[in-house]
Amino acid sequence: ITFYINCTYILVTGGVISGIGKGIIASSVGTILKSCGLHVTAIKIDPYINIDAGTFSPYEHGEVFVLDDGGEVDLDLGNYERFLDIRLTRDNNLTTGKIYQSVINKERNGDYLGKTVQVVPHITDAIQEWVMRQAKVSVDDDGIEPEVCVIELGGTVGDIESMPFIEAFRQFQFKVKRENFCNIHVSLVPQTGLYCLTLPNSLKNCILIKNAKFGIDVLSSMSLFHRSDRLLEQTSIALVGKYTKLSDSYASVIKALEHSALAINYKLEVKYIDSADLEPAALQEEPVKYHEAWQKLCSADGVLVPGGFGVRGTEGKIQAINWARKRKKPFLGVCLGMQLAVCEFARNVLGWEDANSTEFDPETKHPVVIEMPEHNPGQMGGTMRLGKRRTLFKSTSSVLRKLYGDAEYVDERHRHRFEVNPELKHHFEDRGFRFVGQDLEGERMEIIELQDHTYFVGVQYHPEFTSRPIKPSPPYFGLLLAASGKLQNYLQKGCRLSPRDTYSDRSGSSSPDSEISEIKFPSLS
């Protein structure tokens, strides 16, 4: 093995219980080091046998995060991207399934020259090779190789499935030399808000040498988050979904909402609504839940229907969309949320009462949402339209185009098997339901907007995956602007916030004398 030792490796492990905060510690350490001027990358190791996170229910490990290259990965990689403002690839998420698959493929190809393939040394060597290879891959726009690689080992030390990884890193620390390796172990401490961290001398020296820049960057970040605790005005968003019992199911969605609320100086209240509780059947079976769900929806300033799979709760989502459309409440539909907005409009405006997605009703006479031709229904994993794809704006008057800085196109991440039926689009557009964004071939409907509405937008892609604390996602930002009553003023001012509405003042409080700050959006290339 050729070892790459011009890099410092930081391994973050956890003990006692799972979910103790390894991901936040790993992300925070990486952010501190990046603030020192270092190039930092991150790897998440999940000891489960699944190849990737693509087939998981959100109730297993939270949301499935999607990368530019279409990798379906653990939500911790979303934390890494947001904290470090980097772009990772599918190989930054290593699983037992991936390691065993690669070793077995080599064995089938005869790469081991007839030897008995064993956990030690073959599996452990494969783990080390994978980590060192991926540590070289640039994750920044400047193309420079990382100087620090933060590795999070998922699960709990002592779990039987973690043993090969523990042994691999026991060997690893000697092969890359101890001065290039650091282990941070996160354990349960019966005292809230307390973390203890020991850094090797090489990292201490880095922080001392570059402490001026470090101090400025960290203090700037701290002021940003402290400001959120002092905000007085509040706006509420009803999140209507089927996985609302676990907030991690919508981790990136919540972060995107928070980024946008902070950008306009508002506190955010998310009202979680199980979409099944909005359906007429719930009134008969669980009337208390039914009325509580509708009370939450009716009291919200805006409505968000995120992505999802499966028929359960879809009629409740359609009920919420219908309410938002008729009451002119700000609405954002993401992926399935956009598809259901198409179904709702077809049923209640076009008069196609049985309009549906063929995912839920294969026999519908009005299939407004259909399965994509390239989807393989015989296999679940990795068969969706995944990763970064380009969307072209077809209208210069599009609200979302203006929110994206009057861009001609956007590159956003996708994860779906079904799409709006392009053969029926003219029926919608004749009634003011416009498909303002389409793919390069003009065959896939990517963005919808409803005329004569405060903000009724749907996107086939998942813009939450590229939202950042100071670069909020435009579709979510538009939703928060509309929910707070600021959207029209923002558009009239050329998509600039007034001084009172920004978070970028010097004193920590809004002031008319503050400089106007222009919101930054994700790169469009």
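Residues numbered from 1 in each chain as written. Predicted model: local features only at pLDDT ≥ 70, side-chain atom pairs only at ≥ 80, totals over all residues. Heavy atoms only, no water.

Caption draft 1: Fine view of unusual backbone geometry. The omega torsion across Val 120 and Pro 121 is 15°, close enough to zero to call that bond cis. Structurally, the position occupied by Pro 121 is in helix α5 (residues 119-135). Positive phi, close to 55°, is recorded for Leu 113, a residue that is not glycine. In this fold, Leu 113 is placed in the loop between α4 (96-108) and α5. We note that Lys 177 has phi near 80°; this positive angle belongs to a residue other than glycine. Tracing the backbone shows Lys 177 in the loop between α6 (163-175) and β7 (181-186). (Helix = DSSP H or I, 4+ residues; strand = E, 2+ residues; numbered from the N terminus.)

Caption draft 2: Molecular detail of the pairing of strand β18 (residues 445-450). Among the 6 residues that make up β18, 6 are buried, leaving the element largely enclosed by the rest of the structure. For strand β17 (residues 433-438) and β18, the ladder comprises 5 bridges, and the chain directions are antiparallel. Across the sheet, residue Phe 433 finds its bridge partner in β18, namely Leu 450. Sheet topology note: the β18/strand β19 (residues 456-459) ladder contains 3 bridges and is antiparallel. (Buried < 20%, exposed > 50% of the residue type's maximum accessible area, 1.4 Å probe, protein only. Pairing = 2+ DSSP bridges.)

Caption draft 3: Geometry of the packing of aromatic side chains. The final tally for this structure, using the stated rule, is 17 aromatic pairs. Ring centres 6.1 Å apart and planes at 85° place the aromatic pair Trp 352 and Phe 428 in the edge-to-face group. With Trp 352 in the loop between α13 (336-348) and β12 (356-357) and Phe 428 in helix α15 (residues 425-429), the pair connects residues that are 76 residues apart, well separated along the chain. Both residues of the pair, Trp 352 and Phe 428, count as buried. Pairwise contacts between aromatic rings join Phe 345, Trp 352, Phe 428, Phe 433 and Phe 435 into one cluster. The ring of Trp 130 carries the charged tip of Arg 133 above its face, separated from the ring centre by 5.4 Å. Lying over the aromatic face of Tyr 409, Arg 390 brings its terminal NZ or CZ to 3.8 Å of the ring centre. (Phe/Tyr/Trp six-rings, centres within 6.5 Å; stacked < 30°, edge-to-face > 60°. Lys NZ or Arg CZ within 6 Å of the ring centre and 35° of its normal.)

Caption draft 4: Main features of helix α1 (residues 22-35). Here α1 contains 14 residues, and its C-alpha end-to-end distance of 20 Å stays within 8% of the 20 Å for a straight helix at 1.5 Å per residue. Every buried residue of α1 is listed here: Lys 22, Gly 23, Ile 25, Ala 26, Ser 27, Val 29, Gly 30, Leu 33 and Ser 35. After α1 finishes, the residue Gly 37 shows a positive phi value of roughly 100°. (Expected span 1.5 Å × (residues − 1).)

Caption draft 5: The arrangement of the confidence of the model for the protein in detail. When the pLDDT values of the protein are averaged, the result is 86; 85% of them are 70 or greater. In the model, residues 209-219 has pLDDT below 50 throughout and makes 9 contacts with residues more than four positions away in sequence or in other chains. Within the model, the stretch residues 503-525 combines pLDDT values under 50 with 55 contacts to residues more than four positions away or in other chains. (pLDDT = per-residue confidence, 0-100. Contact = heavy atoms within 4.5 Å.)

Caption draft 6: Structural view of the environment of Arg 230. Tracing the backbone shows Arg 230 in the loop between α8 (211-228) and β8 (234-241). A relative accessible area of 49% means that Arg 230 is categorised as partly exposed.

Caption draft 7: How the structure looks around the nonpolar core. Ranked by size, the top nonpolar core spans 42 residues in total, and within it Val 240, Leu 297, Val 368, Phe 428 and Phe 433 carry the most contacts. Take this core: its biggest share by element is 8 residues, from α13. If we ignore the near neighbours within four places in the chain, the residues touching Val 240 are Ile 273, Ser 275, Leu 278, Leu 297, Val 303, Leu 304, Val 305, Pro 306, Lys 317 and Ala 320. Counting 41 residues, the second largest nonpolar core, distinct from the first, contains Cys 335, Tyr 404, Leu 479 and Ala 482. (Core = buried A, V, L, I, M, F, W, Y, C linked by side-chain atoms within 4.5 Å.)

Caption draft 8: Representation of the pattern of salt bridges in the model. Counted under the stated rule, the structure contains 27 salt bridges. As a salt-bridge pair, Glu 81 and Arg 468 come within 3.7 Å of each other at their nearest N and O atoms. Placement of Glu 81 in helix α3 (residues 76-84) and of Arg 468 in the loop between β19 and α16 (474-483) is noted, with a sequence separation of 387 residues between them. Arg 468 sits in the buried class, given a relative accessible area of 3%. The salt bridge involving Asp 274 is made with Lys 245; its shortest N-O contact spans 3.5 Å. Here Asp 274 is found in strand β9 (residues 267-274), whereas its partner Lys 245 is found in the loop between β8 and α9 (251-263), with 29 residues between them in sequence. Here Asp 274 falls in the buried class, since its relative accessible area comes to 11%. (Salt bridge = Lys/Arg side-chain N within 4 Å of Asp/Glu carboxyl O.)

Caption draft 9: Quick peek at the sheet that holds strand β16 (residues 418-420). Taken in spatial order, the 3 strands line up as β12-β13-β16 in an open sheet, and their pairing is mixed. Of all strands in the sheet, those bounded by a partner on one side alone are β12 and β16. Relative to strand β13 (residues 367-371), β12 is paired through 2 bridges, and the arrangement is parallel. Residue pairing for β13: Asn 356 is matched across the bridge by Pro 367.

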